[in-house]
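Here is how the chains run, residue by residue.
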Amino acid sequence: MASEDVKRSESAAVSTIVNLAEEAKLAREGVKAPSYAVLSICKSLLAGGVAGGVSRTAVAPLERMKILLQVQNPHTIKYNGTVQGLKYIWRTEGLRGLFKGNGTNCARIIPNSAVKFFSYEKASEGILYLYRQQTGNENAQLTPLLRLGAGATAGIIAMSATYPMDMVRGRLTVQTANSPYQYRGIAHALATVLREEGPRALYRGWVPSVIGVVPYVGLNFAVYESLKDWLLKSNPYNVVENNELTIVTRLSCGAIAGTVGQTIAYPLDVIRRRMQMVGWKDASSVVTGEGRSKASLEYTGMIDAFRKTVRHEGFGALYKGLIPNSVKVVPSIAIAFVTYEYVKDILGVEFRISD
């Protein structure tokens, strides 16, 4: 009995020592791992933020022109097209007019882009893990459909997190020098909307935005990543150099991805923008610029906004501003993707969204 007690004591002692050793090891790793993880997250967020800021500033005049065409009163047409509209803004408001609202746009798009790219990476990791578990294939890779799901998830998270900024950005963008009421900036616009229209107003148009972001962001990521994979594997026209795509090829992939996504989701963007104007007492004046022919901007919801827009202005109204948006989206999405990847390379972030 004494011998068995000694053996049990020795076994317990050994087990205790092993457990203490493992706990010490985990403690050491626990100090390093979170530190590395936080740094990696910060780098990914920074890369996404830089990509968003650079890409949006590059196309800011076209972005403003698109919004003005989307919301202008059909009874008092000021902007007959992209070129004419840009010339009119230049003549009446100067260079600053072309970039009006860009500060707000960047204040929104930088965190939006940072969250979007980071969310896509994490969603891709999670979806790929579940897919491998389900199929039992540890070497399985993301399919275009799975990438679409990851992109849609990232888009919804990023859009929801920054939607109030997008709402006030739309209002800041459409006001002109002749508008009877002026928002003085982001903070003033947010405070005014909260005071006069309530907190819910900051999320007006959120539903069509959620619906629209699924095909838009989802297709952007899915098409871009799938095109890259196909080009790397098939290498048509010798576009691969040292197992990497050239910058021109990456830009082309981004341009194609942006064109596909925005064309499908564009009507929802028009409805979202119009719903954001609801409740703003001077919206009609701002839209017309002169305050003439004020038309009702009241919608009871997304379906009502669709119905009234089509009934009063025709189906084509759902694609108002598509031309400047198309011209804008092609370089914007392309620049965003390429900037993101190059900033991550510079920062030394090893994870790739195509993995």
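Residues numbered from 1 in each chain as written. Predicted model: local features only at pLDDT ≥ 70, side-chain atom pairs only at ≥ 80, totals over all residues. Heavy atoms only, no water.

Caption draft 1: Here's a closer look at the packing of aromatic side chains. Following the criterion strictly, the structure yields 10 aromatic pairs and no others. Here F117 and Y340 contribute two aromatic rings whose centre-to-centre distance is 4.0 Å and whose plane-to-plane angle is 15°, an arrangement assigned as stacked. In this pair, F117 sits in helix α4 (residues 102-135) while Y340 sits in helix α11 (residues 322-347), placing the two residues 223 residues apart along the sequence. Aromatic rings pair up to connect F117, Y120, F221, Y224, F337 and Y340 into one cluster. (Phe/Tyr/Trp six-rings, centres within 6.5 Å; stacked < 30°, edge-to-face > 60°. Helix = DSSP H or I, 4+ residues; strand = E, 2+ residues; numbered from the N terminus.)

Caption draft 2: Up close: the nonpolar core. Within the largest apolar cluster, 35 residues are counted, with the highest numbers of intra-cluster contacts made by F117, V193, F221 and F337. Elements with a contribution of two residues or more to this core: α1 (2-58), α4, α5 (144-174), α6 (186-197), α7 (206-234), α8 (247-277) and α11. Residues Y79, I89, L98 and V174 belong to the second largest nonpolar core, which totals 11 residues. (Core = buried A, V, L, I, M, F, W, Y, C linked by side-chain atoms within 4.5 Å. Buried < 20%, exposed > 50% of the residue type's maximum accessible area, 1.4 Å probe, protein only.)

Caption draft 3: Inspection of the packing of helix α2 (residues 60-71) against α11 at higher detail. At their nearest, the axes of α2 and α11 sit 8 Å apart, and the two run at 155° to each other. The angle between α2 and α11 falls in the class roughly antiparallel. Handedness of the crossing formed by α2 with α11: left-handed. For the pair formed by α2 and α11, the contact residues are L62, E63, M65, K66 and L69 on the first element and P324, N325, V327 and K328 on the second. Residue composition of the contact of α2 with α11, by class: 5 nonpolar, 1 polar and 3 charged. (Axes fitted to C-alpha atoms, helices over the stretch in contact; angles between N-to-C directions. Parallel < 35°, antiparallel > 145°, perpendicular 65-115°, else oblique. Left-handed = near helix turned anticlockwise from the far one by under 90°. Contact = heavy atoms within 4.5 Å. Nonpolar A, V, L, I, M, F, W, Y, C, P; charged D, E, K, R; others polar.)

Caption draft 4: Representation of empty space enclosed by the protein within the structure. Per the stated rule, a full pass over the model turns up 3 cavities of 30 Å³ or more. Taken as a whole, the largest cavity holds about 630 Å³ of empty space. Lining the largest cavity are 40 residues, with R56, V213, Y216, V217 and R272 positioned closest to its centre. Only α1, α2, α4, α5, α7, α8 and α11 provide two or more residues apiece to the lining of the largest cavity. No other element matches the 8 residues that α7 contributes to the lining of the largest cavity. Taken together, the residues of the lining of the largest cavity break down into 17 nonpolar, 12 polar and 11 charged. (1 Å grid on protein atoms, 1.4 Å probe; cavity = no way out; pocket = protein on both sides within 12 Å on 5 of 7 lines; lining within 4 Å. Points joined across faces, edges and corners; volume = space filled by probe spheres on them.)

Caption draft 5: Representation of the confidence of the model for the protein chain. Summarising the model, the protein chain shows a mean pLDDT of 79, and 80% of its residues fall at 70 or more. Contacts for the low-pLDDT stretch residues 284-295, under 50 throughout, to residues beyond four places or in other chains number 29 contacts. The low-confidence segment residues 351-355, where pLDDT is below 50, has 19 contacts with residues more than four positions distant or belonging to other chains. (pLDDT = per-residue confidence, 0-100.)

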